[in-house]
Amino acid sequence: MKRIILLTGPLLLLLWLLVPTTDVVSPEWTVLVTDTAGHPIRGASVTVFSQQYTIESQDAESTRVTDDDGSVHFEERRIRAMGLMRVFGAVRNLNQGAHASFGVHTHLAVAKKGYGDPSDRELFAQNERESRANRSARQSSRIVLLQCPPDYSGFGCAFPTDPEKPVLPLKF
């Protein structure tokens, strides 16, 4: 009996090292992009960045453009790997020291010319929460953009597209 118990641990470890398992790196994700008045924004680029740091050395990107309803849909992205690859990946990441990352990280970014991220703290915080994957199998997010004055975009609509124009002061 003692021998069986002693053999079980190594056998389970060997099984874990050799049998592939699946991670959901990015959920099935529907994103609605609106202006501050709640009107849908057509033609905004929405990009999902996802990476399983322990297995992948680079992130994967998928970009879609919002339709007339201001929405886009992304399919789920999965990755399969054996435990052995996960161990090698974790060891590989250790050379990054305090900056090492492990596991899944997924977020999105939204951009459209003439629009920017709101500098209002509450809206900005809402966008930050909505732009991160929340570990659900299906996720819906709403991102709010601020319509900018002509030739400006970026955070708080403060940044000119023409280098001759000044950077505008931010309003908080």
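Residues numbered from 1 in each chain as written. Predicted model: local features only at pLDDT ≥ 70, side-chain atom pairs only at ≥ 80, totals over all residues. Heavy atoms only, no water.

Got a minute to help me understand the nonpolar core in this structure?
The tendency in soluble globular proteins is for nonpolar side chains to be buried side by side. Ranked by internal contacts, the top residues of the largest apolar core, which has 14 residues, are Val31, Val33, Val46, Phe74, Leu108, Val110 and Leu145. Those elements giving two or more residues to this core turn out to be strand 2 (28-35), strand 3 (45-52), strand 5 (71-74), strand 7 (104-111) and strand 9 (138-147). Examining the composition of this core, we find that three residues originate from one element, strand 2, more than from any other. In this structure Val33 touches His39, Pro40, Ile41, Ala44, Val46, Thr66, Gly70, Val110, Ile143 and Leu145, once residues within four positions along its chain are discounted. In terms of nonpolar packing, the next biggest core, distinct from the first, is built from five residues, Val25, Ile55, Ile79 and Ala81 among them. (Core = buried A, V, L, I, M, F, W, Y, C linked by side-chain atoms within 4.5 Å. Buried < 20%, exposed > 50% of the residue type's maximum accessible area, 1.4 Å probe, protein only. Helix = DSSP H or I, 4+ residues; strand = E, 2+ residues; numbered from the N terminus. Contact = heavy atoms within 4.5 Å.)

Please clarify how helix 2 (residues 83-93) should be interpreted in this entry.
Working note: α-helix, 3.6 residues per turn, so residues spaced by three or four point in the same direction. Every buried residue belonging to helix 2 is among Gly83, Arg86, Gly89 and Asn93, and all of these are buried. The buried residues of helix 2 occupy an angular sector of 115° when projected down its axis, which confines them to one face. For helix 2, the exposed residues set more than 90 degrees away from the buried face come down to Phe88 and Val91. Here the buried face of helix 2 lies against helix 1 (2-18), strand 1 (20-26), strand 3 and strand 6 (77-82). (Arc of directions from axis to C-beta.)

I tried to follow the packing of aromatic side chains on my own but got confused; where do I start?
The description of two aromatic rings rests on the distance between their centres and on the angle between their planes. Inspection of the entire model under this criterion finds one aromatic pair. For the pair Phe124 and Phe155, a centre-to-centre distance of 5.3 Å together with 85° between the ring planes defines the contact as edge-to-face. Here Phe124 is found in helix 3 (residues 121-130), whereas its partner Phe155 is found in the loop between strand 10 (152-153) and strand 11 (159-160), with 31 residues between them in sequence. Overall, the relative accessible area of 31% leaves Phe124 in the partly exposed class. (Phe/Tyr/Trp six-rings, centres within 6.5 Å; stacked < 30°, edge-to-face > 60°.)

Mind showing me how you'd approach the sheet that holds strand 2 here?
Pairing between the strands of a sheet comes from backbone hydrogen bonds, and it takes one of two forms, parallel or antiparallel. Across the sheet, which stays open at both edges, the four strands sit in the order 5-2-9-8 with mixed pairing between neighbours. The sheet is open, and its two borders are formed by strand 5 and strand 8 (115-116), each paired with just one other strand. Direction of pairing for strand 2 relative to strand 5: antiparallel, over a ladder of four bridges. Directly across from Thr30, in strand 5, lies its bridge partner His73. Helix-sheet contacts for helix 3 involve strand 2 and strand 9, and the interaxial angle to strand 9 is about 150°. (Pairing = 2+ DSSP bridges. Axes fitted to C-alpha atoms, helices over the stretch in contact; angles between N-to-C directions.)

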